[in-house]
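Descriptive analysis of the structure
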There are 2 protein chains.
Amino acid sequence: MAVYTDVSFEDLEGLLSGYDIGLPLSFKGIAEGVENSNFYLQTDRGAYILTLYEKRVRIEDLPFFLGLMEHLAARGLNCPQPVRARDGSQWLMLKGRAAAILTFLSGISLRRPEAGHCAAAGGTLARLHDSGGGFALSRPNALGLAGWRELATATIARADSVQGGLAALIADALADLERRWPTDLPAGLIHADLFPDNVLFMQDKVSGVIDFYFACRDMFAYDLSVMLNSWCFESDGAYNVTKGKALIAGYRSVRALTPAEIDALPVLMRGASLRFLLTRLYDWLNHDPNALVRPKDPREYSKRLRFHMQVKHAGEYGL
Amino acid sequence: MAVYTDVSFEDLEGLLSGYDIGLPLSFKGIAEGVENSNFYLQTDRGAYILTLYEKRVRIEDLPFFLGLMEHLAARGLNCPQPVRARDGSQWLMLKGRAAAILTFLSGISLRRPEAGHCAAAGGTLARLHDSGGGFALSRPNALGLAGWRELATATIARADSVQGGLAALIADALADLERRWPTDLPAGLIHADLFPDNVLFMQDKVSGVIDFYFACRDMFAYDLSVMLNSWCFESDGAYNVTKGKALIAGYRSVRALTPAEIDALPVLMRGASLRFLLTRLYDWLNHDPNALVRPKDPREYSKRLRFHMQVKHAGEYGL
């Protein structure tokens with residue numbers, strides 16, 4: 001979490017001449033977002049986030065990401081809205097990077113959400129799934145099954161240097177998932193990264209959802225599995241079934257789960273944990289010591305994956 | 001510029017129970033301040049900065065730094081004001097660090113200030129000098145002449161690895177300064193680090209002064225020299241005498257310079273540039289590649305120091 005591209009006030013002034021959002025009062029780099037540069041911008045008209053897209057976000061995906069936020073916001077989901085420039089663009093170029101100005105959302109993300117927060121956030125995920133209907137653009141999940149195979153190939157030879165037995169765990173889980181990964185579950189637009197960092201709360205109510213830069217078209221129940229993995233494990237590695245029940249109940253209060261989705265939950269949970277295990281492992285092994293971010297520990301997710309490998313049916317998650 | 005200590009919302013909630021500043025609406029780490037962790041905090045009562053003091057700021061200096069900001073603000077200088085906790089403390093402990101909540105100032109710092117900004121900022125420095133009178137606490141300048149000798153001893157053997165001839169430049173400048181450094185000029189509370197980053201503007205007027213963590217008791221004209229060094233050189237290394245004239249005139253419109261201060265300006269300019277050359281050189285040579293900040297280039301200040309070594313009288317600076 002850092003600012004990768006330095007933006008001076010003079011750079012900002014040049015950019016703002018393309019927008020109609022008033023005069024700047026404050027402008028500060030913020031330590032948020034894993035791979036973009038973000039700035040808090042206050043003008044006499046309101047508060048905004050300026051995002052410069054660094055290498056991970058491809059410019060050709062911006063119409064999808066920014067358009068999706070506009071689409072969801074128009075359907076009442078509280079998420080950042082891209083502010084269009086005077087010429088109608090959703091983004092302009094600044095210092096060689098695509099740069100978008102988005103509305104700033106109040107609210108605070110929780111490090112240790114309680115069951116009530118899990119329920120509220122689960123309901124928000126289901127509303128996001130419902131609201132995505134009708135959005136014209138699509139984007140495949142680059143971090144789906146085929147992407148996991150690529151990441152496994154790139155990491156498996158050095159995996160045991162991070163944790164003994166990790167290479168075998170990855171190989172076994174991936175082979176199992178390649179046999180059993182469902183393809184016929186209800187699908188649509190998913191967030192794909194709805195960790196607690198990306199849900200804002202005010203007074204225990206969800207005030208907004210942020211960071212749509214992994215959003216794609218994939219199975220809804222996979223998105224639910226990403227959330228269960230990231231919201232319902234305790235720091236000692238134990239699955240908290242009370243939180244799991246609350247999150248699932250919150251989700252189902254808005255959108256029903258089909259019997260096939262419920263049956264598939266254990267395999268989806270394995271897939272979701274393998275996805276974060278592999279991206280973290282890749283980042284861990286390829287970490288540039290001069291980088292401004294510290295990589296996240298992949299072992300958090302190998303522990304979760306081992307847990308899921310023992311799960312026999314969805315009931316164990318609180319369904 | 002980074003956040004060194006991770007503060008969760010739950011940590012923040014614990015801290016806020018000791019204050020009477022309302023309910024949190026937003027909380028974000030900001031990429032500001034060289035060696036502290038800073039967070040932007042918005043509550044239903046106002047906007048604040050939470051600062052966690054990392055290793056460079058000693059807790060025993062906090063009464064001086066925070067008290068000085070209270071003192072200056074009470075005299076009409078716009079600077080962050082420490083918010084006292086319910087028990088009257090200027091700071092509390094959070095995650096093993098002293099943590100203070102200060103009022104947030106609107107305004108934006110300029111990367112390329114123009115002559116008019118230099119004039120306004122010079123006037124602000126003089127007001128700061130005038131307003132410091134009557135403050136009861138004192139703090140010596142740890143980065144004064146004796147400190148330079150220590151830094152020179154710690155860096156000179158490796159100085160030429162950074163730039164050819166640097167060791168000789170430092171030795172010559174230091175020997176000269178040890179002979180000629182004035183001790184009888186008007187002195188009082190100085191900012192000691194009033195770079196453009198630390199002056200906020202709104203609509204070309206100064207809206208505030210920030211970052212008092214090098215403040216100390218030393219000669220006023222030395223503080224002016226720090227400013228001339230950091231505001232009036234162009235990126236190609238040339239001294240911009242128009243900006244220098246403007247800055248000095250802005251200063252003198254508020255506080256007169258004595259003939260002795262004017263005579264001493266060339267030697268003070270050498271001292272001010274040596275101070276930043278040495279601290280940057282030390283940080284450059286001792287940089288931890290895993291650190292979250294990139295060290296600043298010391299050669300910017302060796303170039304300035306070489307310039308000052310040729311200056312014969314204060315008139316060359318625009319006096």
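Residues numbered from 1 in each chain as written. Chains lettered and ligands numbered in written order. Predicted model: local features only at pLDDT ≥ 70, side-chain atom pairs only at ≥ 80, totals over all residues.

1. So, the interface of chain B and chain A
At the junction of the two partners, chain B supplies 26 residues and chain A supplies 26 residues. Residue assignment for the side of chain B that touches chain A shows that the elements contributing at least two residues are α1 (9-16) and β1 (24-30) of chain B. Broken down by element, the residue count for the side of chain B that touches chain A peaks at 7 residues, all from β1(B). Across the side of chain B that touches chain A, the residue classes tally to 15 nonpolar, 6 polar and 5 charged. (Contact = placed C-beta atoms within 7 Å. Helix = DSSP H or I, 4+ residues; strand = E, 2+ residues; numbered from the N terminus. Nonpolar A, V, L, I, M, F, W, Y, C, P; charged D, E, K, R; others polar.)

2. Quick word on the domain arrangement of chain A
All names here are of chain A. Each domain of chain A was delimited in the assignment, giving domain 1 (9-103) and domain 2 (115-317). Of note, the centres of domain 1 and domain 2, computed from C-alpha atoms alone, are 27 Å apart. With 17 residues of domain 1 at the interface, the matching set in domain 2 holds 17 residues. Partitioning the side of domain 1 that touches domain 2 into residue classes produces 11 nonpolar, 4 polar and 2 charged. (Domains from an automatic or database assignment.)

3. Some details on helix α6 (residues 220-231) of chain B
Residues and elements named next belong to chain B. Taking 1.5 Å per residue, 12 residues should reach 16 Å; α6 reaches 17 Å between its end C-alpha atoms and fits that length. Among the 12 residues in α6, 12 count as buried, and that is most of the element. Regarding α6, the residues found buried are Phe220, Ala221, Tyr222, Asp223, Leu224, Ser225, Val226, Met227, Leu228, Asn229, Ser230 and Trp231. (Expected span 1.5 Å × (residues − 1). Buried ≥ 20, exposed ≤ 12 C-beta atoms within 10 Å, placed from the backbone.)

4. Some words on the relation of the copies chain B and chain A
After a rotation of 180 degrees and a shift along the axis of 0.0 Å, chain B superposes on chain A with an RMSD of 0.0 Å. Here the transformation between the copies is reduced to the relation of a two-fold axis. By C-alpha distance to the rotation axis, the residue of chain B lying nearest is Ile30(B), at 2.1 Å. Most of the interface of chain B is mirrored in chain A: 100% of its interface residues are interface residues there too. (Least-squares fit on C-alpha atoms with pLDDT ≥ 70 in both.)

5. Some details on the nonpolar core
Judged by nonpolar contacts, the single largest core of 140 residues is most densely connected at Leu247(A) and Leu247(B). If sequence neighbours within four positions are ignored, Leu247(B) has contacts with Cys118(B), Ala119(B), Ala121(B), Gly122(B), Met227(B), Leu228(B), Trp231(B) and Cys232(B). (Core = buried A, V, L, I, M, F, W, Y, C linked by C-beta atoms within 7 Å.)

6. Topic: the environment of Arg179(B)
Mapped onto the fold, Arg179(B) is located in helix α5 (residues 166-180). Distance from Arg179(B) to Leu68(B), taken between C-alpha atoms, is 32 Å for residues 111 residues apart in sequence.

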